[in-house]
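Each chain, written out:
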Amino acid sequence: MLKPIRVIVIDDEKQAREGIKLLLEAVPAFELVAMCEDGLKAIENIYKHHPDLIFLDIQMPEINGFEVLNSLDNHLRPAVIFTTAYDQFALKAFEHHAIDYLLKPFTNKRFYESLEYAKSILQLSTFKRFQHKMESLLKDYFQNHKHDTDTYVVRNRHAEQATFSNKLTIKADGKIHFVPLEEIQYLEGYDSYIKIHTGEKTHIVKESLKTMEQKLPGQSFLRIHKSFIVNMKYVKTLEPYFNGDFFLILASGKRLKGSRNFRKGLGKYTL
Amino acid sequence: MRFKWNKTTLIIIFWILFMVVDSLKKIESLTANDETLWLYHLPGYLIWILLTFPLNFLFNWSDKLSLWKRFLFLAGSSLLLGSIKVMLSWTLFYLSFWLLKNEPLKGFADFLSGITLFYFVEAFIISGVVLIVLFVIEVYNKYREQSLRNAALETQLAKAQLQTLKMQLRPHFLFNANNVISMLVRKGENEKAINMIAGLSDLLRMSLERENHQLITLEEELALLEKYLNIESMRFEDRLFIHYDIPESTRLAMVPNFILQPLVENAFKHGISKILGKAEIKIAAKKISERLQIRVFNSGPVLDSAKPLTRNYGIGLSNSINRLTQIYKSDSKFDLVNLNNGVQAEIEIPFYQKVK
């Protein structure tokens, strides 16, 4: 027996996901492995399950369908059937790159046609060609959407969940990057951006330190100055200074000035 | 500056015309080379031109008085200014004999005896005429202002209605809603599907048929909004949570027609569509002494205080803000504030209740 084609359905509307699930159940050759309600979960699940095919909604909160694909390594990109209600640019681009898409709402007939088409591209020889098409589609899209490729930290409401709790989700150039929180040593705020210092790399995001503070778990990260948040894990010593100000010395040797206004927070740490 | 200059010209033109008409009447004296014409009447017009400014000032100032008080006040003013005019004119006339004709100055008694009641009555009537002209101009201006204001209100209402319709006809909303319906049918959840079709139809019908009154009750305004939000919450049923807090006492309060729709639209555009996971919209009304306060809260990214407010507001909101100031003048408030992981729009207007 042939191996079933493994599918993930990605759509921010519950009924839309469940409808596709229902349609897929009628075809034994396909196996639904996950359903995701946003781009972040989609990326996570694609890395986890390595599906052969995804149904991908374009307009989703915060991370759209194109950004999901753009965040995946080339070799991990599955076959894609886009689903959209309306997006003039996307529709034009699909036509131009000859990529299949479903316009919502769609008929059963149209749905099964696109399944057939998906089956055909999953054959090894055509899949390579499909991947090339997808690459040029993404290039096309991000060239036309440069204006909304700001870098910032995604407000992540899944942060309570185990898979996301130890990572900071950063959107940069239409790509999602995950920075493990434990690697962040300290954050330095400027007027309109923040430098996130990890051991080896520095990420720059457009954000204020105040909103950033809300996106970080309070247990390990502490605001010590109007322009510094520090990961207490990396602090080696505290050195008092005048008027209640102080210095924190990190394991790397970096000295960060702390202000007396933020001294309260230090209370729970005995250094 | 320009306006003042124009006004001055108008006043001078008025008096020149007045003078021409008046002189035609006195054509006999003109031919008879009567001295009173040259030495009394013509300088008199100069004095009138100067006195028109205080008269105009008093006229404008008295606008705040009640009708009767204003009438009495202006009658008094014209008596006073008329008298001043007569005394000035007469003094000038009197001095001109001495200055221009080298006649010796007459005594004070002689000076007074020359003034007759006729001069006073004449001056009083003339200042009355000036006031009537000012009054006509005022009525005309007020009428024009009123019709301009009405036209602006009509346009803004039409814009708000159009915006509401557009929001419902937006392909994303309509096609996704239809997609939900088709999926519900596939799943055999027919009753839910029918509810959604009925909801969509109601929504469209309500915004097409809504009468275009400037003000409607909060209840009517919310009815349309609830239909809209019902559909949105069916689309995002496991993600979007909507709360209403509308006390009975506020339901009949009058609010500008279609005023809440743009706020809710904004809540979706800048809030709900920008966050992952659960999202919330809260609509609350409250009567605070004689004011009505309406709040629309959405969870989502907070406003960037570094950006100018206009960039945070969006175009839809600016129409709402313009309408509020147009309808309530300075008696309304509009505010956007950051509040626990979201943004709250707040409108405050005078509380008027619909008369049953």
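The rules behind each value
- Residues numbered from 1 in each chain as written.
- Chains lettered and ligands numbered in written order.
- Predicted model: local features only at pLDDT ≥ 70, side-chain atom pairs only at ≥ 80, totals over all residues.
- Heavy atoms only, no water.
- Patch = residues over 30% accessible without salt bridge, like charges linked within 9 Å, V, L, I, M, F, W, Y side chains within 5 Å.
- Areas by Shrake-Rupley, 256 points an atom, 1.4 Å probe, with all protein chains shown as cover.
- Salt bridge = Lys/Arg side-chain N within 4 Å of Asp/Glu carboxyl O.
- Helix = DSSP H or I, 4+ residues; strand = E, 2+ residues; numbered from the N terminus.
- Buried < 20%, exposed > 50% of the residue type's maximum accessible area, 1.4 Å probe, protein only.
- Domains from an automatic or database assignment.
- UniProt positions renumbered as here; feature names shortened; annotations may be inferred.
- Contact = heavy atoms within 4.5 Å.
- Buried area = accessible area lost by both parts, 1.4 Å probe.
- Polar contact = N/O pair within 3.5 Å; in protein donor to acceptor, adjacent residues only side chain to side chain.
- Nonpolar A, V, L, I, M, F, W, Y, C, P; charged D, E, K, R; others polar.
- Pairing = 2+ DSSP bridges.
- Axes fitted to C-alpha atoms, helices over the stretch in contact; angles between N-to-C directions.

Draft legend 1. Fine view of a nonpolar patch on the surface. Nonpolar side chains collect at one region of the surface, where B:Leu79, B:Leu117, B:Val121, B:Phe124, B:Ile125, B:Val129, B:Val133 and B:Ile137 lie side by side and expose about 670 Å² of accessible area between them. With respect to the helices, strands and loops of the structure, B:Leu79 is situated in helix α4 (residues 67-101).

Draft legend 2. Structural view of the pattern of salt bridges. By the definition in use, this model includes 33 salt bridges over all chains. Among the ionic pairs, A:Lys119 bridges to A:Glu116, the shortest N-O distance being 3.5 Å. Taken together, the residues span about one helical turn, with A:Lys119 and A:Glu116 both in helix α5 (residues 108-121) at a distance of three residues. The partner of B:Lys187 in a salt bridge is B:Glu189, with the nearest N and O atoms 3.4 Å apart. On the basis of relative accessible area, B:Glu189 is assigned to the partly exposed category, the value being 27%. Members of the salt-bridge network, linked through shared partners, are A:Lys14, A:Glu18, B:Lys187, B:Glu189, B:Lys192 and B:Glu237.

Draft legend 3. How the structure looks around the domain arrangement of chain A. Segmenting chain A into domains produces domain 1 (5-147) and domain 2 (152-268). One C-alpha centre belongs to domain 1 of chain A, the other to domain 2 of chain A; they are set 36 Å apart.

Draft legend 4. A look at the UniProt feature "domain: Response regulatory" (unreviewed entry) in chain A. Mapped onto this numbering, the UniProt entry annotates "domain: Response regulatory" (unreviewed entry) at residues 6-119 of chain A. Spanning residues 6-119 of chain A, this segment combines 45% helix with 23% strand, and its end C-alpha atoms are found 11 Å apart.

Draft legend 5. Inspection of the interface of chain A and chain B at higher detail. Contacts between chain A and chain B engage 30 residues on the former and 31 residues on the latter. Summed over both sides, the interface of chain A with chain B buries roughly 2,700 Å², with 56% coming from carbon and sulfur. At the junction of chain A with chain B, the criterion picks out four salt bridges. Ionic pairing is found between B:Lys187 and A:Glu18, a salt bridge with its closest N-O pair at 2.3 Å. There are 12 residue pairs in polar contact (both at pLDDT 80 or more) connecting chain A and chain B. At the level of elements, α1 (14-25) and α8 (209-215) of chain A are the ones that each hand at least two residues to the side of chain A that touches chain B. By residue number, the principal contributor to the side of chain A that touches chain B is α1(A), which donates nine residues. For the side of chain A that touches chain B, the class distribution of residues is 12 nonpolar, eight polar and 10 charged.

Draft legend 6. Inspection of the side chain of B:Glu265 at higher detail. Residues and elements named next belong to chain B. Inspection of the secondary structure puts Glu265 in helix α10 (residues 261-271). In terms of polar contacts, Glu265 uses its side chain to reach the side chain of Arg170, at 2.8 Å. Every residue in contact with Glu265, bar those within four places of it in the chain, is listed here: Gln163, Met167 and Arg170.

Draft legend 7. Examining the sheet that holds strand β11 (residues 202-205) of chain A more closely. Residues and elements named next belong to chain A. The strand order across the open sheet formed by five strands is β11-β10-β9-β13-β12, and the pairing between neighbours is antiparallel. Two strands in the sheet have a free side with no partner beyond their single neighbour: β11 and β12 (221-225). Geometrically, the sheet is characterised by an average inter-axis angle of 20° between neighbouring strands, direction not taken into account. Strand direction decides the pairing type here: strand β10 (residues 194-198) and β11, joined by four bridges, are antiparallel. Across the sheet, Lys195 pairs through a bridge with Ile204, a residue of β11.

Draft legend 8. Local environment of the sheet that holds strand β6 (residues 333-339) of chain B. Residues and elements named next belong to chain B. Overall, mixed pairing links the five strands, which are arranged β2-β4-β5-β7-β6 in an open sheet. In this open sheet, the two edge strands, each paired with only one partner strand, are β2 (240-245) and β6. Neighbour-to-neighbour, the strand axes of the sheet open up by a mean angle of 15°, direction not taken into account. Lying on the sheet, helix α9 (residues 218-235) is in contact with β2, β4 (279-288) and β5 (291-299); it crosses β2 at an angle near 165°.

Draft legend 9. Quick look at the environment of A:Val153. Residue and element names in this part refer to chain A. Structurally, Val153 can be placed in strand β6 (residues 152-153). As a C-alpha pair, Val153 and Tyr47 span 106 residues in sequence and 20 Å in three-dimensional space. Filtering out sequence-adjacent residues up to four positions away, Val153 remains in contact with Leu168, Thr169, Ile170, Val205, Glu207, Met212 and Lys215.

Draft legend 10. Focus on helix α2 (residues 39-49) of chain A. All names here are of chain A. The element α2 is extensively covered by neighbouring structure, given that eight of its 11 residues are classed as buried. Listing the buried residues of α2 in full gives Gly39, Leu40, Lys41, Ala42, Ile43, Glu44, Asn45 and Ile46. A side-chain oxygen of the first residue of α2 lies 3.1 Å from the backbone nitrogen of Leu40; this N-cap is Asp38. After α2 finishes, the residue His50 shows a positive phi value of roughly 45°.

Draft legend 11. Structural view of the UniProt feature "modified residue: 4-aspartylphosphate" (unreviewed entry) in chain A. All names here are of chain A. What UniProt calls "modified residue: 4-aspartylphosphate" (unreviewed entry) maps, in this numbering, to Asp57. Position of Asp57 relative to the elements: it lies in strand β3 (residues 53-57). The buried category is assigned to Asp57, whose relative accessible area is 4%. Beyond its immediate sequence surroundings of up to four residues, Asp57 is in contact with Ile10, Asp11, Asp12, Gly65, Thr83, Thr84 and Lys104.

Draft legend 12. Spatial organisation of the pairing of strand β13 (residues 228-231) of chain A. All names here are of chain A. Of the two faces of β13, both are covered, the one formed by Phe228 and Val230 as well as the one formed by Ile229 and Asn231. Two strands pair when backbone bridges link them, and strand β9 (residues 184-189) and β13 are joined in this way by three bridges, in the antiparallel orientation. Paired with Tyr186 across the bridge in β13 is Val230. Of the pairings in the sheet, the one linking β12 to β13 comprises four bridges and is antiparallel in character. Counterpart to Phe221 in the pairing with β13 is Asn231.

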